[in-house]
Amino acid sequence: FFGLKREPFGDNIRPSELFELPGLRHVASMAEAVWLNKSHFAFTGPTGCGKSSIIRYICDRQERLGAKVMLLNGGDWGFGEFLRQVMGALNIDFRAYQPSTMIRLIQAQMAKLAEDGHTVMLVVDEADKLRNDAFYQLHLPITAPERGEALATLIVCGQDSLADKLANPLAAPIRTRMYPGHYIPPINRQVYHDYVTHHMQLCGLRGDCVDELALEHIWKATSGNLHSIGMTFRFALQYAANNGIPKVDAACAKAAFSDWWAMGQSFSPFTGQGGMDG
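A brief structural summary.

Definitions and limits used
Residues numbered from 1 in each chain as written. Predicted model: local features only at pLDDT ≥ 70, side-chain atom pairs only at ≥ 80, totals over all residues. Heavy atoms only, no water. Axes fitted to C-alpha atoms, helices over the stretch in contact; angles between N-to-C directions. Helix = DSSP H or I, 4+ residues; strand = E, 2+ residues; numbered from the N terminus. Parallel < 35°, antiparallel > 145°, perpendicular 65-115°, else oblique. Left-handed = near helix turned anticlockwise from the far one by under 90°. Contact = heavy atoms within 4.5 Å. Nonpolar A, V, L, I, M, F, W, Y, C, P; charged D, E, K, R; others polar. Salt bridge = Lys/Arg side-chain N within 4 Å of Asp/Glu carboxyl O. Buried < 20%, exposed > 50% of the residue type's maximum accessible area, 1.4 Å probe, protein only. Phe/Tyr/Trp six-rings, centres within 6.5 Å; stacked < 30°, edge-to-face > 60°. 1 Å grid on protein atoms, 1.4 Å probe; cavity = no way out; pocket = protein on both sides within 12 Å on 5 of 7 lines; lining within 4 Å. Points joined across faces, edges and corners; volume = space filled by probe spheres on them.

### Considerations on the packing of helix α9 (residues 212-222) against helix α10 (residues 226-242)
Any two packed helices are characterised by the angle at which their axes cross and by the distance between the axes.
Right, so step 1: Viewed as axis vectors pointing N to C, α9 and α10 meet at an angle of 135 degrees, and their least axial separation amounts to 9 Å. The pairing of α9 with α10 is recorded here as oblique in orientation. The chirality of how α9 crosses α10 is right-handed. On α10, the residues touching Leu215, Ile218 and Thr222 of α9 are Ser228, Ile229, Thr232 and Phe233.
Right, so step 2: Classifying every residue of the contact of α9 with α10 by side-chain character gives 4 nonpolar, 3 polar and no charged.

Here it is in structure tokens:
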């Protein structure tokens, strides 16, 4: 309907096409610095501020610089499950090993990679979900047992609670090996407008297809959360297309962000019709 070249606000865009969020270049340069100096780094920020996009940019950049990058998405894991995830990323045959055995296998594989000229970077997104006992021992699999030097650079990012977990005395072994962290703030209105314009250009959407009131409503309704912005924008475009509306206006934006649960019944922003009672 709008003559788009590709899916708007898609998740599968190339790292080179990512919008340059505030802090992106700084965090990327710090990641490179700690990688070169065999140190570690953490950064935090609220949901939807762009942390995962920055992680993608870092991973792509470091791979092009020659690092062996392993990206994990954190979960409600203790230390044993964290080790199993690292073993999977290193393609180590998994069996019901004891943690001490898993640590030795990981250390040996990382040492082999270093001998082959591949400096390792282990990146953990959503690291705030890891349990405290994982932070207490996080340094063990990435440290050479004989010399005490780092076998890999560790980059962890997550929501604000990650800073609290790293401040816990139990996390001192890894925290004392880390460069001071960085905080990614929520986006402001100017960044929001630049972000939307960037994605509109990527998908080939003309600027006159969206009015200012629609943009303002999406900004207020999403509280600047990048995930919500993209989803709401796509729904507003779909609503306009399905209803033959040539320009996304405030009504389209409101329909896209309707509070379905408060209505007491299923409601489709695409048809405007109620569905089966929920």
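Still more to cover.
### Looking at the pattern of salt bridges
Side chains carrying opposite charge are able to pair once their charged atoms draw close together.
Right, so step 1: Under the criterion given, the structure shown has 13 salt bridges.
Right, so step 2: Put simply, aspartate 116 and lysine 112 hold a salt bridge, and the shortest N to O gap is 3.2 Å.
Right, so step 3: Classification of lysine 112 by relative accessible area gives partly exposed; the value is 44%.
Right, so step 4: One connected set of salt bridges, linked through shared partners, spans Arg6, Arg14 and Glu17.

### Quick word on the packing of aromatic side chains
Right, so step 1: In the structure shown here, the tally under the stated rule is 6 aromatic pairs.
Right, so step 2: Measuring from centroid to centroid gives 5.7 Å for phenylalanine 19 and tyrosine 195, while their planes differ by 80 degrees, and the two rings are edge-to-face. Of this pair, phenylalanine 19 sits in the segment before α1 (24-36) while tyrosine 195 is found in helix α8 (residues 189-203), placing the two residues 176 residues apart along the sequence.
Right, so step 3: Phenylalanine 19 gets classed as buried once you look at its relative accessible area, which sits at 14%.
Right, so step 4: These aromatic residues form a ring-pair network of at least three members: Phe9, Phe19, Tyr195 and Phe233.

### Comments concerning the packing of α8 against α9
Right, so step 1: Packing of α8 against α9 leaves a shortest axis separation of 11 Å and a crossing angle of 120 degrees. Here α8 lies oblique to α9, going by the angle between them. You can see that α8 and α9 cross each other, and the crossing is right-handed. Touching Arg189, Tyr192, His193 and Val196 of α8 are Glu212, Leu215, Glu216, Ile218, Trp219 and Lys220, all from α9.

### Quick look at the layout of surface pockets
Right, so step 1: Of the volumes computed, that of the largest pocket is approximately 680 Å³.
Right, so step 2: Taken together, 31 residues form the lining of the largest pocket, with Asp11, Gly50, Ser52, Ser53 and His227 sitting closest to its centre.
Right, so step 3: For the lining of the largest pocket, the secondary-structure elements that each account for two or more residues are α2 (51-64), β2 (68-73), α8 and α10.
Right, so step 4: Each residue belonging to the lining of the largest pocket can be placed in one class, and the counts come to 11 nonpolar, 12 polar and 8 charged.

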